[in-house]
Structure formats: structure tokens, C-alpha cells
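Next come the chains, spelled out residue by residue.
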Amino acid sequence: MGGLNAKIFDVGRVRAAYPALADGHAYLDGAAGAQLPASVIDAIAGAYRAGLGNSGGAFPASRRSDEITAECRRAVADLTGGQPEGIILGPNMTTLTYRLARTLAGRWGPGDEIVVTRLDHDANVRPWVQAAERAGATVRWADVQLPEGDLALPQLAELICDRTRLVAVSAASNLIGTRPDVAGITALAHRAGALAYVDGVHATPHVPVKAGALGADFYVTSAYKWSGPHVGAVVADPALLERLDPDKLAPAPGSGPGRFERGTLPFADLAGVTAAVDHLASLAGPAPGASRRERVLASMTAAEAHEQELFRVLLGGLDAMEHVTTYGKAARRTATAYFNVTGRTPLQVAEHLACRKINVWHGDNYAWELAGVLGLRESGGGVRAGLVHYNDRSDVDRLLEAVGELGA
Ligand SMILES: Cc1ncc(COP(=O)(O)O)c(C=O)c1O
């Protein structure tokens, strides 16, 4: 890999790139949205400063917008292992998934089946369930095994059959971090002739992504989870997209990913998405001569190792406290801790931490089915402390000390 050394990860250098981190807060809310490095903020401002036009015009400002869009597709392809011609851009994952669900369900009818899981964020559940209901198709549910908090391949093998049209599964749980055997599940889907829609929103910021190796016919991600602006993207095989028939305006593009993109794209934000991919590619240090794709893979490998090292300390510390219950024990997880404190609501814990300048999320985090499986839906869910590449040991130590105070 071009002489890259995946071990070069200097969290101090990484943190210095993020202006927001200078406010003294421990940002452990990254799973809900990451902070932006200065390079991304500058790229967005720079695009506006240079002058933008709507797409398809003959003048330079319009040409700039078109080039920004093309470059953004190349960047997302480099991040995920896709092809630029197969990158659909849009406002966020939820909107894009509703669009794809409407398009794909146009071919479903009674007797057809889809498979969704109770591990997934609701954005990879409800759009499919509602589309199936409208089409008269049947919904099959993959359960979560406890205490691991993982899906079981044997159950999925029973659920997926020649009537299955689509399997929707997450590459990582946004609540407890579980990374299920996506390649195994998509292989079952393909053997049955079904499509696999993989929610990569939580996985993408934490691991090197190879959408092809995952067997994802569609891999969906949201840039605001990986230090970019609020833009979503679907990664698909361009040939597969050509076979689909989305609702679109008559004069809108007749081929390519633009057929799925409604209205005008946020060009300046797209420049920010490209800058975010370039930033991720730079995390593990300079690597002269390597392609951006190679640098992304090396950087994300190093970022994952950094996060996992901190996660061991975080989980070990939480599990050692008698007044704390943690959820999930899957063998493969992102660095995402979900826990409760005896005698306190998740909101009370989050408020206690906020007073100490520690940002965490509380609630079900839209993992609605999983919160039900864990028995937490009615009680306000739990507290989520999610590590991303810019977190350091002091963030973890501060969290453990503050949670420890609640047991005194
Ligand atoms: C795993 C997962 N899927 C989907 C979503 C929804 O993403 P968006 O906000 O881009 O619609 C989220 C957001 O938190 C998420 O964590």
C-alpha cells in the first residue's frame, strides 16, 4: 500500500485540525454528528467566495458547481470503494432511503417479502416496512441475540428465501456499535436473488469501508458523521441504477445518479464533503505517492485502532462500576458505549455530564427496535458515549470520573 504506515496516528495533530475542540468540552457525541476540521469549513466558505451557479450553465460559476459535484462523487467513491458514476447525493440517509424504498417497492407485490432487522436505526427499517405495506409485500424481522447484541446468521438463513426481494441491514449499530456479519448476510440475499441495502451511516466514520467486499448493492452514508457537512450519499453499481425507474421531473437527467437527485444540490456543501474525505485520508500522516483511496484505507485502519484502544479503557472503566449497566457484547463493535446508571434517568446522567463539559447523547437514538429489545423504550433509553478519531484519553478519563461520581 504505497509504503503507508497505518501506525502513524497522532491524535494531538488530528485534534488541532478541529477549531470546535478548543472549547474545552469532551465531544463524546460524535455518533450523532462529528465536528468539522478547518479544511472542511474553509472549503465550504471558499466555494461560496469563488462564486457558484446552478448546474449545466455555460459560464464559469456554473462550471465550478458541476466540477464540485463531479469531484464529490469521486471523493465518496474513494471513501467507500464505489464508482463515481454510482454515487447518488442527497440531503441525508433517511431521505435517500425513503426515495430508494419508493423506487424499489414499485416492483413488489403480494407474495414478495423483505427482511429488516431489529438491530438497525429506524431509518433503515421504517421506509422499507411502510413501502412493503403499501405494496402488499410481507415484512420478515431478524432478531437481536442478547446479551451479545448481534444478529444470528442461522436465523437470517431461515428468513431469506426465493420470495425475498430486499434485505436491509446495518454495517454497524448506532446504539451499541455491533458490526454484524454483513458479507454473510448479503451472500444469503444474493443467493436468493434479493438486493442488499446496507446502512453504513454509523460504520463509515469508524472503519475502512469496502462496499464491494460487504456485498452491498446499496451502501448509504452521511457525511456529517465523518466530519463533513449535512449531505447523504448512496453508493451503488451504476448498471443497477440504470435498471431502476425513480420518480423524476421530465427535464431532469435521463441517466446516471442524477436521476435520483431531486432538485438543486447544495454545491458548497459538496465541496465540504470532498474536503472531509481528504481530511480522513490524511489522518494517518502524509503518504507521498499513494492514491486517495489507499490513504483513506490506511488512515481509517489507523483511526479504528486508535478508537478501539480508547474503547477498551472506556468499557473496562464503565464495566468496573457497580452502579453502571452497559449494553452489547458483540465481538466486532465500533467504539460506541451505551449504558445506564442505577437510580438516574439517561437525561439526568447526560445533564450531570454536560455540567462537567462532557457531551453525550441520551435516549433511543432512533434505534427504536433495538431499544425495545433491550427493554429501554419506555424508560428513556440509555446514555451513549461514542468515540471518533479526534477523541483522546483525557475525554475518556473525564467521562469515567464523572460517571464514577454518580456512584458515590
Ligand atoms: C446508523 C444510522 N442510520 C441512519 C441514520 C440517519 O441518518 P440521517 O440523519 O443522515 O438521515 C443515522 C443517524 O443517526 C444512523 O446513526
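Quick look at the structure, then. Keep in mind it's a predicted model, so treat the numbers as computed, not measured.

1. With respect to the packing of helix H11 (residues 292-319) against helix H14 (residues 393-405)
- Across the interface, H11 lies against H14 with an axial gap of 10 Å and an inter-helix angle of 5°. If you check the angle between H11 and H14, you find them roughly parallel. Contacts between H11 and H14 involve Leu 310, Val 313, Leu 314, Gly 317 and Leu 318 from the first element and Arg 393, Val 396, Leu 399, Leu 400 and Val 403 from the second.

2. Points about the packing of helix H4 (residues 93-105) against helix H5 (residues 126-135)
- Orientation of H4 relative to H5, taken along the N-to-C sense of each, is 25°, at an axis distance of 9 Å. Of the possible angle classes, the one that applies to H4 and H5 is roughly parallel. Classified by chirality, the crossing of H5 by H4 is right-handed. Residue-level contacts link Thr 97, Tyr 98, Leu 100, Ala 101, Leu 104 and Ala 105 of H4 to Arg 126, Pro 127, Trp 128, Gln 130, Ala 131 and Ala 135 of H5.
- Of the residues contributing to the contact of H4 with H5, the split by class is nine nonpolar, two polar and one charged.

3. Quick word on the site of the ligand
- Taken together, Asn 92, Met 93, Thr 94, His 121, Ala 123, Asn 174, Asp 199, Val 201, His 202, Ser 222, Tyr 224 and Lys 225 form the complete shell of residues around the ligand.
- Here Met 93 contributes a backbone N or O atom positioned 2.8 Å from an oxygen atom of the ligand.
- Here the ligand loses 90% of its free accessible area of 390 Å² to cover by the protein chains.
- Class assignment of the residues belonging to the shell around the ligand gives a composition of four nonpolar, six polar and two charged.

4. What about helix H3 (residues 60-80)?
- Spanning 21 residues, H3 covers 30 Å between terminal C-alpha atoms, matching the ideal 30 Å at 1.5 Å per step.
- For H3, the full list of buried residues reads Ala 61, Ser 62, Ser 65, Ile 68, Thr 69, Cys 72, Arg 73, Ala 75, Val 76, Ala 77, Leu 79 and Thr 80.
- The first or second residue beyond H3 is Gly 81, which carries a positive phi of 85°.

5. Some points on the environment of Asn 365
- Here Asn 365 lies in the loop between strand E14 (361-363) and helix H13 (368-373).
- In contact with Asn 365, not counting residues within four places along its chain, are His 121, Asn 174, Leu 175, Tyr 338 and Arg 384.
- At 3.5 Å, the side chain of Asn 365 forms a polar contact with the side chain of Trp 361.

6. Some words on the sheet that holds strand E12 (residues 336-341)
- The strand order across the open sheet formed by four strands is E11-E12-E15-E14, and the pairing between neighbours is antiparallel. Strands with a single pairing partner mark the edges of an open sheet, and in this sheet they are strand E11 (324-326) and E14. Each neighbouring strand pair of the sheet contributes to a mean axis angle of 30°, computed without reference to strand direction.
- Pairing analysis gives four bridges linking E12 to strand E15 (residues 382-386), with the strands arranged antiparallel. Looking at E15, one finds that Tyr 338 is bridged to Arg 384.

7. Overview of the packing of aromatic side chains
- By the definition in use, this model includes five aromatic pairs.
- Residues Trp 108 and Trp 128 carry aromatic rings whose centres are separated by 6.4 Å and whose planes lie at 40° to one another, so their mutual orientation is tilted. In this pair, Trp 108 sits in the loop between H4 and strand E3 (113-117) while Trp 128 sits in helix H5, placing the two residues 20 residues apart along the sequence. Assigned by exposure class, Trp 108 and Trp 128 land together as buried.
- Taking 5.7 Å as the distance between ring centres and 50° as the angle between the ring planes, the aromatic pair formed by Tyr 327 and Tyr 338 counts as tilted. You can see Tyr 327 sitting in the loop between E11 and E12 and its partner Tyr 338 sitting in strand E12, a full eleven residues away along the chain.
- Classification of Tyr 327 as buried rests on a relative accessible area of 13%.
- A connected cluster of aromatic rings, assembled from ring pairs, spans Trp 108, Trp 128, Tyr 197 and Phe 218.
- Taking the ring centre of Trp 141 as reference, the NZ or CZ of Arg 118 above it sits at 4.3 Å.
- The ring of Trp 368 has Arg 377 lying over it, and the distance from NZ or CZ to the ring centre is 4.1 Å.

8. Points about the sheet that holds E3
- The mixed open sheet is built from seven strands, whose spatial order is E2-E10-E9-E8-E7-E3-E4. Pairing within the sheet leaves two strands with one partner each, and these edge strands are strand E2 (87-90) and strand E4 (138-142). Between one strand and the next, the sheet's axes are offset by a mean angle of 20°, whatever the strand orientation.
- As defined by bridge partners, E2 adjoins strand E10 (residues 232-236) across four bridges and the pair is classed as antiparallel. Residue pairing for E10: Ile 88 is matched across the bridge by Val 234.
- Running at roughly 115° to E2, H3 makes contact with E2, strand E9 (218-222) and E10 of the sheet.

9. Some remarks on the pairing of E12
- Of all six residues in E12, six are buried, a share of seventy percent or more.
- The side-chain alternation of E12 yields two buried faces, one formed by Thr 336, Tyr 338 and Asn 340 and the other by Ala 337, Phe 339 and Val 341.
- For E11 and E12, the ladder comprises three bridges, and the chain directions are antiparallel. Bridge pairing in E12 places Val 324 opposite Val 341.

The rules behind these values
Residues numbered from 1 in each chain as written. Predicted model: local features only at pLDDT ≥ 70, side-chain atom pairs only at ≥ 80, totals over all residues. Heavy atoms only, no water. Axes fitted to C-alpha atoms, helices over the stretch in contact; angles between N-to-C directions. Helix = DSSP H or I, 4+ residues; strand = E, 2+ residues; numbered from the N terminus. Parallel < 35°, antiparallel > 145°, perpendicular 65-115°, else oblique. Contact = heavy atoms within 4.5 Å. Left-handed = near helix turned anticlockwise from the far one by under 90°. Nonpolar A, V, L, I, M, F, W, Y, C, P; charged D, E, K, R; others polar. Near = heavy atom within 4 Å. Polar contact = N/O pair within 3.5 Å; in protein donor to acceptor, adjacent residues only side chain to side chain. Areas by Shrake-Rupley, 256 points an atom, 1.4 Å probe, with all protein chains shown as cover. Expected span 1.5 Å × (residues − 1). Buried < 20%, exposed > 50% of the residue type's maximum accessible area, 1.4 Å probe, protein only. Pairing = 2+ DSSP bridges. Phe/Tyr/Trp six-rings, centres within 6.5 Å; stacked < 30°, edge-to-face > 60°. Lys NZ or Arg CZ within 6 Å of the ring centre and 35° of its normal.

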